[in-house]
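Each chain, written out:
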Amino acid sequence: MMRLSLAIVISLFVQANAWMSPLPNKITPKEIINQAASFGAAATIAATCAFGPQVANAIDFTGAYSDPKHPNCARLVAIEGTTALVSGADGNPGCPTGEGRPWKLVGKVSGDEIFIDFSPKGGPKDLTGVWEGGKNPGIRFPDGNKWVLSGKP
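Being a predicted model, the structure only gives us computed values, none of them experimental.

Another point: the overall build of the chain. When you go through the chain residue by residue, the secondary structure sums to two helices and eight strands. Within the chain, buried positions represent 27% of all 153 residues.

Written out as structure tokens, the structure is:
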């Protein structure tokens, strides 16, 4: 992936130079600005190709959450494209000291839904959570439990 990104950047830089007229012996400030603008356009295109566009109309689930079924236990969600990285800890029944048994899960997002694979913890493969906005935004699961958003990075 890195080689492909580098190849794209190099090819766009070469193309950006093709858009410019040959440099005279004396460079004027206007020519410097025009060349910088051409390179800036190429860099923007390269960055979009390398990192990809963000998913349109998808909720950004990224943040820290509180789970009423596991008081004081961490619930963290990070989104990379359409992939959800979910981590946390479990205690019995909660995490009175803020520490518990850590776990990490993977899922995906689509629109206002997040699908989390809880099978490594003995749960369902694609548990669907739905974003609920409003006064106390968070993720509502089919059993009625809601992870309430407590912070964004």
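Attention shifts here to the pairing of strand 6 (residues 127–132). Pairing of strand 5 (residues 113–116) with strand 6 involves four bridges; the strand directions are antiparallel. Of the residues in strand 6, the one forming a bridge with Glu-113 is Val-130. Two strands pair when backbone bridges link them, and strand 6 and strand 7 (residues 138–140) are joined in this way by three bridges, in the antiparallel orientation. Residue pairing across strands places Trp-131 opposite Ile-139, the latter belonging to strand 7. Here strand 6 folds back onto strand 7 in antiparallel fashion, the turn holding five residues, of which Gly-134 has a positive phi close to 95°.

Let us look at the pattern of salt bridges. This model, assessed by the stated rule, comprises eight salt bridges. The salt bridge partner of Arg-140 is Glu-132, with a shortest N-O separation of 3.0 Å.

With that out of the way, let us pick up the confidence of the model for the chain. Per-residue pLDDT for the chain averages 77, and the proportion of residues at 70 or more is 63%. Predicted confidence for residues 1–24 stays below pLDDT 50, and this span has 17 contacts to residues more than four positions away or in other chains. With pLDDT under 50 throughout, residues 36–54 is counted as low confidence; its partners more than four residues away or in other chains account for 16 contacts.

Checked against the element boundaries, Asn-145 lands in the loop between strand 7 and strand 8 (146–151). Engagement of the side chain of Asn-145 in a polar contact is seen with the side chain of Asp-67, the distance being 2.9 Å. Aside from chain neighbours lying at most four places away, what touches Asn-145 is Asp-67, Pro-68, Lys-69, Ile-139 and Arg-140.

What counts, and at which threshold
Residues numbered from 1 in each chain as written. Predicted model: local features only at pLDDT ≥ 70, side-chain atom pairs only at ≥ 80, totals over all residues. Heavy atoms only, no water. Helix = DSSP H or I, 4+ residues; strand = E, 2+ residues; numbered from the N terminus. Buried < 20%, exposed > 50% of the residue type's maximum accessible area, 1.4 Å probe, protein only. Pairing = 2+ DSSP bridges. Salt bridge = Lys/Arg side-chain N within 4 Å of Asp/Glu carboxyl O. pLDDT = per-residue confidence, 0-100. Contact = heavy atoms within 4.5 Å. Polar contact = N/O pair within 3.5 Å; in protein donor to acceptor, adjacent residues only side chain to side chain.

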